[in-house]
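Residues per chain are reported as follows:
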Amino acid sequence: MAENDSHYNGVTDTTVDQNNGQEAVAGSPGAAVPLPDFEEGPPAYPGNDGSTSASGGDAVIPLPFPGEGGPVYPGNDNTPVIPLPFPGEGGPVYPGNNNHIPTVPLPFPGEGGPVYPGNNNHIPTVPLPFPGEGGPVYPGNNTCFGGCFPFCSGCQTISPQYYGQVRFLNASTNSFQVNISIDNTTYAAGSRFGTISGYEWIADGFHTVTVRRASGLRSILLQQTFPFTAGQKVTFVLTDAAPGGLDLVRVMDTGCNNLPVNSGCFRFANMTHSGSSYDLLLTGGSTVFRNVGFQKVSPYKQAVAGSYRFTITRSNSYGFIQELPVIVIGAVTGSLGISNPVLTFDTSIGAGRNYTAYFIGNTWSNYNLQVMTVMD
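Cut-offs applied
- Residues numbered from 1 in each chain as written.
- Predicted model: local features only at pLDDT ≥ 70, side-chain atom pairs only at ≥ 80, totals over all residues.
- Heavy atoms only, no water.
- Helix = DSSP H or I, 4+ residues; strand = E, 2+ residues; numbered from the N terminus.
- Buried < 20%, exposed > 50% of the residue type's maximum accessible area, 1.4 Å probe, protein only.
- Areas by Shrake-Rupley, 256 points an atom, 1.4 Å probe, with all protein chains shown as cover.
- Pairing = 2+ DSSP bridges.
- Axes fitted to C-alpha atoms, helices over the stretch in contact; angles between N-to-C directions.
- Core = buried A, V, L, I, M, F, W, Y, C linked by side-chain atoms within 4.5 Å.
- Contact = heavy atoms within 4.5 Å.
- Polar contact = N/O pair within 3.5 Å; in protein donor to acceptor, adjacent residues only side chain to side chain.

### Quick word on the overall build of the chain
Each helix and strand counted, the chain has one helix and 19 strands in total. Counting only residues that meet the buried cut, the chain has 35% of its 376 residues in that class. Of the accessible surface of the chain, which amounts to about 21,700 Å², a share of 52% is contributed by carbon and sulfur atoms.

Written out as structure tokens, the structure reads:
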């Protein structure tokens, strides 16, 4: 810088005027103001190769390069434009950007994408599974496991935590058919003597059971409110009432658990008529259940799997007769034998299964005494 000290001290200096090739006195009108050497930190601009201004006037100080704080704008061929990064690097995603920033489609439902109707091309609609797999239960969904219960507005998953199961057996000897509903939902339509519905789901809580004629005036014949418990199965038996009319008998279907290998469970229910009481015996005379009165149900008893023939007799008053602790094929005990049998029937008991033999009907109606053995 020593040779340029005179310039900064106001001393007259001469330079070559690049416009006309002649010398000009520094500080004189029209004289070019020299710029410092490039090595000494001049501003950077297009065409600045270290020489003085080519404009013939005052030097224009351009903005520095982008790396030094200069602007970035389209068309600046000397100053590179820094594009926005790809979406994976933090760049934006927007429709129609097909050249530089690809639109990232929503993933499939299994990958977290949305599911909506009509999306048939890219994101398939995933149907709700069956109730046993967590899907909702609603009217008309007849493929649900064990039946459907349409109460579930919002439809919680059918689970023993929230729902029980219910079915209806018609043991009434009336000649007309009936419809049986819970609250406003029909569970048994056109029910007649000797028919039983399948198990249907029922929400935990109190519900009103209504029995109406299936035809004609459809008048209410019976209406009662019962508690229903989640995780439990129950059979409601429609019977003739003692003073006339109809009655509902609530039978819990909680059977045997942890049965031995090759064993099932069996019980006997008397749903015939008021004042009746019966014993159930094996063919050889061994007593299985004693003194089962009207609308009563014996406890479950373990039974070796196989085929049995049972005989129903009117209850006797012999106090020394003992019941079999376990039902075994061909069991014979010190019984008095079978006298005055009322009815004999055959049934099979499967391993790991629970069964109830319902004794229904009477001797004075169109529906004679008979046995319905059902799996619980």
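Back to the write-up after that little detour.
### Considering the sheet that holds strand β6 (residues 200-203)
Pairing in this open sheet of four strands is mixed, and the strands run β6-β3-β9-β10 from one edge to the other. Lying at the two open borders of the sheet, with one neighbouring strand each, are β6 and β10 (246-252). Ignoring which end each strand starts from, the neighbouring axes of this sheet average 35° apart. Sheet topology places strand β3 (residues 163-170) next to strand β9 (residues 233-240); six bridges connect them, and they run parallel. Bridge pairing links V166 to V234 in β9.

### Let's talk about the nonpolar core
Soluble globular proteins tend to bury their nonpolar side chains together. If you look at the biggest cluster of nonpolar residues, it comprises 20 residues, and the most contacted ones within it are F266, F268, L280, F310 and I327. At the level of elements, β11 (263-271), β12 (277-282), β13 (287-293), β16 (306-314), β17 (341-349) and β18 (354-360) are the ones that each hand at least two residues to this core. Sequence-distant contacts of I327, that is, excluding residues within four places in its chain, are made with F266, L282, V288, K301, Q302, A303, V304, Y308 and F310.

### Side note on the sheet that holds strand β8 (residues 220-228)
The sheet built from four strands is open, its strands ordered β5-β4-β7-β8 with antiparallel pairing. Looking at the sheet topology across the chains shown, the edges are occupied by β5 (185-191) and β8. On average, adjacent strands in this sheet sit at an angle of 15° to one another, irrespective of strand direction. As judged from the five bridges shared by strand β4 (residues 178-182) and strand β7 (residues 205-213), these two strands associate in the antiparallel manner. The residue bridging I180 from the neighbouring strand is V211, located in β7.

### Overview of the environment of T235
With respect to the secondary-structure elements, T235 resides in strand β9. In the structure, T235 is positioned 37 residues away from G198 in sequence and 9.7 Å away in space, judged by C-alpha atoms. With sequence-adjacent residues up to four places away left out, T235 is seen in contact with R167, L169, Y199, V249, R250, V251, D253 and Y358. A distance of 2.7 Å separates a polar atom in the side chain of T235 from a polar atom in the side chain of R167. At a separation of 2.5 Å, a polar atom in the side chain of T235 contacts the side chain of D253.

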